[in-house]
Amino acid sequence: ESIEIEAKMVTPQGEMAMSIKQAKPDHIYSEINMMGQKIIQGYDGTTAWMINPMTGSTEAQEMPEPLKQQLLANSQSMDSDWIDYKAKGHEVTLEGNETIDGVETFKIKLVKNKNNDKPESTAYFFFDTENYIPIVTRVSPTEGPTAGMTIETKLSDYKETNIGVLMPFHMETAVMGQSTQMVFEEVT
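Below: a short report on this structure.

Scoring rules and cut-offs
Residues numbered from 1 in each chain as written. Predicted model: local features only at pLDDT ≥ 70, side-chain atom pairs only at ≥ 80, totals over all residues. Heavy atoms only, no water. Pairing = 2+ DSSP bridges. Helix = DSSP H or I, 4+ residues; strand = E, 2+ residues; numbered from the N terminus. Salt bridge = Lys/Arg side-chain N within 4 Å of Asp/Glu carboxyl O. Buried < 20%, exposed > 50% of the residue type's maximum accessible area, 1.4 Å probe, protein only.

Here we take up the pairing of strand S10 (residues 134-139). Note that strand S9 (residues 121-128) and S10 share five bridges and pair antiparallel. What sits directly across from Phe127, in S10, is Pro134. Connecting S9 to the antiparallel partner S10 that follows it, the hairpin turn spans five residues, and Tyr132 within it adopts a positive phi of roughly 60°. The sheet contact formed by S10 and strand S11 (residues 151-160) spans four bridges and is antiparallel. Bridge pairing in S11 links Val136 to Lys154.

Turning our attention to the pattern of salt bridges. In the structure shown here, the tally under the stated rule is seven salt bridges. A salt bridge links Lys112 to Asp81; the shortest N-O distance between them is 3.3 Å. Here Asp81 lies in the loop between helix H1 (65-74) and strand S7 (91-100) and Lys112 lies in strand S8 (residues 103-112), a separation of 31 residues in the sequence. The partner of Glu152 in a salt bridge is Arg138, with the nearest N and O atoms 2.6 Å apart. A residue pair is termed long-range when its members are at least 10 positions apart, and Glu152 in strand S11 and Arg138 in strand S10 qualify at 14 residues. Here Arg138 falls in the partly exposed class, since its relative accessible area comes to 22%. Ionic contacts of the salt-bridge type, sharing partners, join the residues Glu98, Lys107, Arg138 and Glu152 into one network.

In structure tokens, the structure reads:
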């Protein structure tokens, strides 16, 4: 029903402590400590908001759509898009195989909200053909400052959580040559 993650984010600007809390079906609350400032992001299932003192504001503001999509894309889904995907209005297609960093993968195209009234988005997942775990995701936003760019996230260091769920404890996201890493320290 819920998950709590303590992590550190490594960016070109330095290392930051991060705390993420999620609850079903799609609620998110995160805090990032950056240079002595606390950036807070949240999603209540409808509205994404943030408090970012780095922009000079200490009040909650609605998050622009591209940032909202990035928040949702980077969060650990509490209700996997893969489970009952047809009932959720998603479309899944096997696009063949692709070798990534020497690993043979199944390339799977996920079109979220293809058959419902929510905004449609497309992502590609690359599952290791031996272990059937995703090792890379790729998305290309259609709006905002990253529109038309490819955002690639590499997933690694899979570990079993305290309830037996296998999760990647290392994620590296790259956009236009800029890389950000997230290392999970504790997952409850």
